[in-house]
2 protein chains.
Amino acid sequence: MIAGSGELAAQIVAAVEGLRPRQASFLRELVRTPSQTGDEGAAQAVVERWFREAGLEIQSWEPSPEELRPFAESVTLLPTYAGRPNVVGIERGAGEGRSLVLNAHIDTVEVGDRERWTREPLGGAIEGGQLYGRGACDMKGGTATNLFALLALRAAGLELEGDLIIQSTISEEDGGAGALSAVLRGQRADAAIITEPTRRAVVPAQGGALMFRITVDGLSAHACVRDEGVSAVEKWAVVHRGLAAFEARRNATIEDPLYASIANKVPLNVGTLRSGSWASSVPEWLVAEGRAGLVPGETLEGFKREFRAELAAIAETDPWLCDHPPAVEWLGGQFAPVGIDAVHPLVHSVVAAHASIDGAPPPVEAVTYGADMRHFALTGGMPCVMYGAGDVRLAHAPDEHLSLDELAAATATVALAAANWCGARVRTTEHRSR
Amino acid sequence: MIAGSGELAAQIVAAVEGLRPRQASFLRELVRTPSQTGDEGAAQAVVERWFREAGLEIQSWEPSPEELRPFAESVTLLPTYAGRPNVVGIERGAGEGRSLVLNAHIDTVEVGDRERWTREPLGGAIEGGQLYGRGACDMKGGTATNLFALLALRAAGLELEGDLIIQSTISEEDGGAGALSAVLRGQRADAAIITEPTRRAVVPAQGGALMFRITVDGLSAHACVRDEGVSAVEKWAVVHRGLAAFEARRNATIEDPLYASIANKVPLNVGTLRSGSWASSVPEWLVAEGRAGLVPGETLEGFKREFRAELAAIAETDPWLCDHPPAVEWLGGQFAPVGIDAVHPLVHSVVAAHASIDGAPPPVEAVTYGADMRHFALTGGMPCVMYGAGDVRLAHAPDEHLSLDELAAATATVALAAANWCGARVRTTEHRSR
C-alpha cells in the first residue's frame, strides 16, 4: 500500500528536495550545451547519458523526412535530420497501470543579441535561486522536471504501475518534427504531459498559429510627382487597419472560459514589413509577414478561408486595392489549435497533484501559443496537457532564467500526477539504476 | 544686321532641320555609351570629341573633394572623382554681349529592371520619331540641345556677341558635384540655361528636397502575447498619418502662381520601410526613408526645424511615442529650393524665343524636383532657368525616350534664346570648325 495523498505528497516533496543539487547540475549541464534548433546532437548526448545512468530503457532515432512528408505544412521538413536524434528513456511499469508520456523538447531558439544579456547566455549561472541561460525555461527545465519526477518517485520508494515514457525531442521551435516522429513511430501512451513553461498552470488548450505573408502592390513614380504613383505604404495602412478590426471582431466572439483571463485570445501580429527600394521613389511593393493566432475549434483550412475573405473585403473598401488585391501566402510551421476536454481525468490528475503540493489548485487556462501538444492530441489521439515551471514571456528573451524553487515544485507535481495517473506502489526490490 | 525675329527664327529652324541627322547620331552615340553616375568617363570622352570637332575651346577637369567639402551636405562627397571629368566647350563671343552657360549633366540613373524595358536600355533605337534608352531625355538630349543650338546658329550664318559656355557636367543624380565644381572654379556667366526635360516649359523655380530617415522604436514580445509588446508598425501608422496631415497643411499655404498647376507642391514621400526581424515577434524597430519637397523661400535648415517640430507634435498625440519619440536623420544629397525673379529678362528671352518658334508662349512654371539649378543660382549667383525637351516622368523609368521633333524644337528655341541673350551678328569669317 502506498501512503495517502497528503503523506505521499510530503514524501515526494522531500525526495525532490534531496535531489535538488543533482537536478540543478543536470539543468546547468544542459544549458551549457548549446542546442539551437538544428544542432541538438550534443545536448541529446547529455540527455542520453543521464537517462542511461538512471537505468532507463533507451530509444533513440533520427526522424526521417519520409515519415514526416504528409505533415510538411505542420513541421519544417528537411532533407535529413542526421545528427539530431530524439532520445527517449522508458521506465516500464510494474503493473497494469495507465501509461504516460512526459515530453520536453531539447532545442532552443538562438541566443540573439548578446549585448542585451547581463549573464552569459550559455553559462548556466545560478543567482538568487534563478538559473540563467538560453533554454533554462524553454524548456531544458522541462527535461529536468521529467527525469527528476521519476527519480523522486524512486527516492520516495515508489514504482509506477504503468509505463513512463520520458521523451527529449528535437525541432519543436520550427514545428515539432521530433515530437511528431515519436507519435508516428507509435510512442503513444494513455496520456501525455508536456512540461512547457506554463507558470505551473494546467493548460488543456493551446492556440494555433499560421504564419502569413501579405504582398501589397503600388505604382512607382518619382517622389517629386508622387501623386502620379500609388504608395504601397499608404495602401498597407488600409490593410493594416482592416486586420486590426478583424482581430478585434474575432476576439469578441470567443466565450471559452479557458480564455477568460486572456485579453487578446487570437493575436494577429504583423512582425515584419519591407517596402520600397528608394527614398525618392513612390514604393511600388510591400511585403508584410506575421502570425495569426487560432483557438481550438478552428481549423487551419477554415481560418485560411476566413482570412482570405477578410482581405478581399478590405480590398473592396479601396478602389486601388479592389483592382490590385493584396496577395496572401502561408509560410512554414503551421500550428493547428488543439484543446482536450477540460474535465478530462488527466486534467484532474495534474490539478489534484498541484493542489496536494501547494495547498491550492492551479489555474486551468488556455495559452495563445502553439507547441507540440497538437502532435500528441491531434495526430496521436492522446489526451495531453502542458504544465511546467517557468514563464513563457522569458522564453525567447535575453536573460532567460528559471526559478529553481518553481522547478522543484513542478517536479513534485509531475511526480505526484504520474503516480496518480499510472498508479504507484511501494517498491519491493532495489532499482537497477547504475 | 541680323534678320528680324520672325525671319531669324525661320533661319534657325531651317538650320536645326538640316542638322537633325547629325544631332540624332550624337544623341544615339551618347545613349549607347553608358554613364551611370560614377562612371561618366567614356561618355565625357564622346562629348569632348564632338566639342573638339566643333572647334570649341575645351576645359576639362575632375572635381576635387577639397573644393566641394564646404558643400558636403549638398552633393555626394567622394574621396576622388578620378576618371570623371567635367567637359566644357567654350565659344568665345565676337563682341561685348552677355555671356551664357548652357548646362547639361552627362550622368544617368541605373537601367533598373531590364525585364521591364521593351527596347534595349542602351540601344538608342529610333522608332516612331522617338529615341529610346537610358539618359535619352534625362538628359543626354539636353547635351545634344546645347551643342546643336550653337551649330544651328553657325549654320544660320550667325555668331554670338557674348561667350557661350557649353557644359557637360557629372554627378547630378547624386547631388551635382560636377555643376558645383564648375561654379566654384569661376565658370560663371551672365545667365545659365539648364536643358533638363521640362517638356519645353520655362522653369524659373524648382523645389528643394531633403532625404530623411525616421526611426520608430517598439517593444518586442512574442506574437502570442503581442499586447505585452508595442508594435513599431502600429506606432508608425500614427507617424504616417501625422506626416500626411503635415503635407496637406503645407500645400494649403502655398500661393505662388508658378505652382498653380501643381496639386502637390511639397510632396512628402515615404519611399522605403523596414521593420521587424521575425513574423512571430512584435516588431521593435522600424526605419522609414523618404523625401520631403520644399518650395523656394524655404531653407533647408528652416524646414528641418519645422519637420522635427512636427514629429514632436505627432509624438505628443501618443503616450508611447511621447516617451519614445521617433528620431530623424537627414541623408545625403540635400537640395535647396531655388527660384529666380519670374520676370527676369532671362525668362523673357526664353519665353520669346519659344513663342517665335512655336507661335505661342510656353508655360512658365515651377517643378517639384531639385537639380543643379541651385548651384548656379544660389552658389553662383547667376540667373538660371531650366528649359528642355522631354518629360521628367519618363526620366528614371523603363523605356525612357525622347521625341526627336521635340528635341529639334528645343534646340531651335535655345539657339534663338542664346542669340537674344548674348546678341548675335551675321558671321563675316568662315568658322574655324574642323
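Residue indices follow the written sequence of each chain, beginning from 1 at its first position. All chains are assigned letters beginning at A, and all ligands numbers beginning at 1, according to the order in which they are written. Local features in this predicted model are restricted to residues whose pLDDT is 70 or higher, and side-chain atom pairs enter the listing and the counts only when it is 80 or higher, whereas totals over whole chains, interfaces and linings include all residues. Only hydrogens and water are set aside; all other atoms, that is, all heavy atoms of the structure, feed into the side-chain values.

1. Brief notes about the overall build of chain A
Inference 1: Elements are defined by DSSP. Helices are runs of H or I of four residues or more, strands are runs of E of two residues or more, and each kind is numbered from the N terminus. When helices and strands are tallied, chain A shows 11 helices and 18 strands.
Inference 2: Our radius of gyration looks at C-alpha atoms and nothing else; its globule reference is 2.2 Å times the residue count to the power 0.38. What you see for chain A is a C-alpha radius of gyration of 24 Å, in line with the 22 Å of a compact globule of 434 residues.
Inference 3: Any residue under 20% of the maximum accessible area for its type is buried, any over 50% is exposed, and the rest in between are partly exposed; the area is computed with a 1.4 Å probe on protein chains only. Burial analysis of chain A (434 residues in total) assigns 60% to the buried set.
Inference 4: In this description, accessible areas are obtained by the Shrake-Rupley approach with a 1.4 Å probe, and a residue is regarded as covered only by the protein chains that are shown. Carbon and sulfur atoms provide 52% of the accessible area of chain A, an area that totals close to 15,700 Å².
Inference 5: Here Asp and Glu are counted as negative and Lys and Arg as positive; His is not counted, and neither are the chain ends. Where a charge lies is defined by one atom per residue type: Lys uses NZ, Arg uses CZ, Asp uses CG and Glu uses CD. If the 38 positive side-chain charges of chain A are averaged to one point and the 56 negative ones to another, these points end up 3 Å apart.

2. Notes on unusual backbone geometry
Most peptide bonds take the trans form, and the phi angle of most residues other than glycine is negative.
Residue and element names in this part refer to chain A.
Inference 1: Note the cis peptide between Asp 138 and Met 139, where omega equals -10°.
Inference 2: Looking at the secondary structure, you find Met 139 in helix α4 (residues 136-155).
Inference 3: If you check the backbone angles, Arg 200 has positive phi at about 60° while not being a glycine.
Inference 4: The topology assignment puts Arg 200 in the loop between β8 (192-194) and β9 (202-206).

3. Section: the pairing of strand β7 (residues 164-169) of chain B
Residue and element names in this part refer to chain B.
Inference 1: Of all the 6 residues making up β7, 6 are buried; the element is thus mostly covered by neighbouring parts of the structure.
Inference 2: Note on pairing: DSSP must find at least two bridges between two strands before they are called paired. Pairing analysis gives 5 bridges linking strand β2 (residues 86-91) to β7, with the strands arranged antiparallel. Across the sheet, the residue bridging to Glu 91 is Leu 164, located in β7.
Inference 3: Two strands pair when backbone bridges link them, and strand β3 (residues 100-105) and β7 are joined in this way by 6 bridges, in the parallel orientation. Among the inter-strand pairings, Asn 103 is bridged to a residue of β7, identified as Gln 167.

4. Examining the sheet that holds strand β17 (residues 401-403) of chain B
All names here are of chain B.
Inference 1: Strand order across the open sheet formed by 3 strands is β4-β5-β17, with antiparallel pairing between neighbours. Of all the strands in the sheet, the pair left with one neighbour each is β4 (126-127) and β17.
Inference 2: Here 2 bridges tie β4 to strand β5 (residues 130-132), and the two strands are oriented antiparallel to one another. Its bridge partner being in β5, Glu 127 is matched across the sheet by Gln 130.
Inference 3: Pairs of residues are marked as contacts when any of their non-hydrogen atoms sit within 4.5 Å. Each axis is a line fitted through C-alpha atoms, taken for helices only over the stretch in contact, and angles between the N-to-C directions span 0 to 180 degrees. Helix-sheet contacts for helix α4 (residues 136-155) involve β5 and β17, and the interaxial angle to β17 is about 50°.
Inference 4: Docked against the sheet, helix α11 (residues 404-422) engages β4, β5 and β17, running at close to 60° with respect to β17.

5. Topic: the packing of aromatic side chains
Inference 1: Aromatic rings from Phe, Tyr and Trp, taking only the six-membered ring of Trp, are treated as a pair when their centres fall within 6.5 Å; an angle between ring planes under 30 degrees marks them as stacked, one over 60 as edge-to-face, and anything in between as tilted. If you walk through the whole model with that rule in mind, you get 16 aromatic pairs over all chains.
Inference 2: A centroid spacing of 6.2 Å and a plane angle of 55° characterise the contact between Trp 50 of chain A and Phe 148 of chain A, whose relative ring orientation is tilted. One end of the pair, Trp 50 of chain A, is in helix α2 (residues 41-53); the other, Phe 148 of chain A, is in helix α4, with 98 residues separating them in the sequence.
Inference 3: The class of Trp 50 of chain A is buried, set by a relative accessible area of 9%.
Inference 4: When the centroid spacing of 6.1 Å and the interplanar angle of 70° are considered together, the rings of Phe 246 of chain B and Phe 307 of chain B count as edge-to-face. One end of the pair, Phe 246 of chain B, is in helix α6 (residues 232-252); the other, Phe 307 of chain B, is in helix α7 (residues 300-315), and 61 residues separate them in sequence. Take Phe 246 of chain B and Phe 307 of chain B: they sit in the same class, and that class is buried.

6. What to know about the environment of Pro 257 of chain A
Inference 1: Here Pro 257 of chain A is to be found in the loop between α6 (232-252) and β11 (268-275).
Inference 2: Accessibility expressed as a relative area gives 68% for Pro 257 of chain A, which makes it exposed.

7. Let's talk about the relation of the copies chain B and chain A
Inference 1: Here the copies were fitted onto each other by least squares, based on C-alpha atoms from residues at pLDDT of at least 70 in both. Overlaying chain B on chain A yields an RMSD of 0.0 Å, the required transformation being a rotation through 180° with an accompanying axial translation of 0.0 Å. The operation mapping one copy onto its partner corresponds to a two-fold rotation axis. Within chain B, Arg 274 of chain B has its C-alpha nearest the rotation axis, a separation of 2.4 Å.
Inference 2: By residue overlap, the copies meet face to face through one surface: 100% of the interface positions of chain B are interface positions in chain A.

8. Comments concerning helix α5 (residues 177-184) of chain A
All names here are of chain A.
Inference 1: For α5, a buried count of 7 out of 8 residues is recorded, marking the element as mostly surrounded by other parts of the structure.
Inference 2: Buried residues along α5 sit against β1 (57-61), α3 (65-68), β2 (86-91), β7 (164-169) and α10 (373-379).
Inference 3: Backbone geometry just after α5 places Gly 186 at a positive phi near 90°.

9. Regarding helix α2 (residues 41-53) of chain B
Residue and element names in this part refer to chain B.
Inference 1: Between the first and last residue of a helix there are one fewer steps than residues, each counted as 1.5 Å, and that sum is the expected span. Relative to the 18 Å expected for 13 residues at 1.5 Å per residue, α2 spans 18 Å between its end C-alpha atoms, a close match to the ideal helical length.
Inference 2: Within the span of α2, buried status applies to Ala 43, Gln 44, Val 46, Val 47, Glu 48, Trp 50 and Phe 51.
Inference 3: Phi turns positive one or two residues past the end of α2, at Gly 55, with a value near 75°.

Keep in mind these values describe shape, not function.
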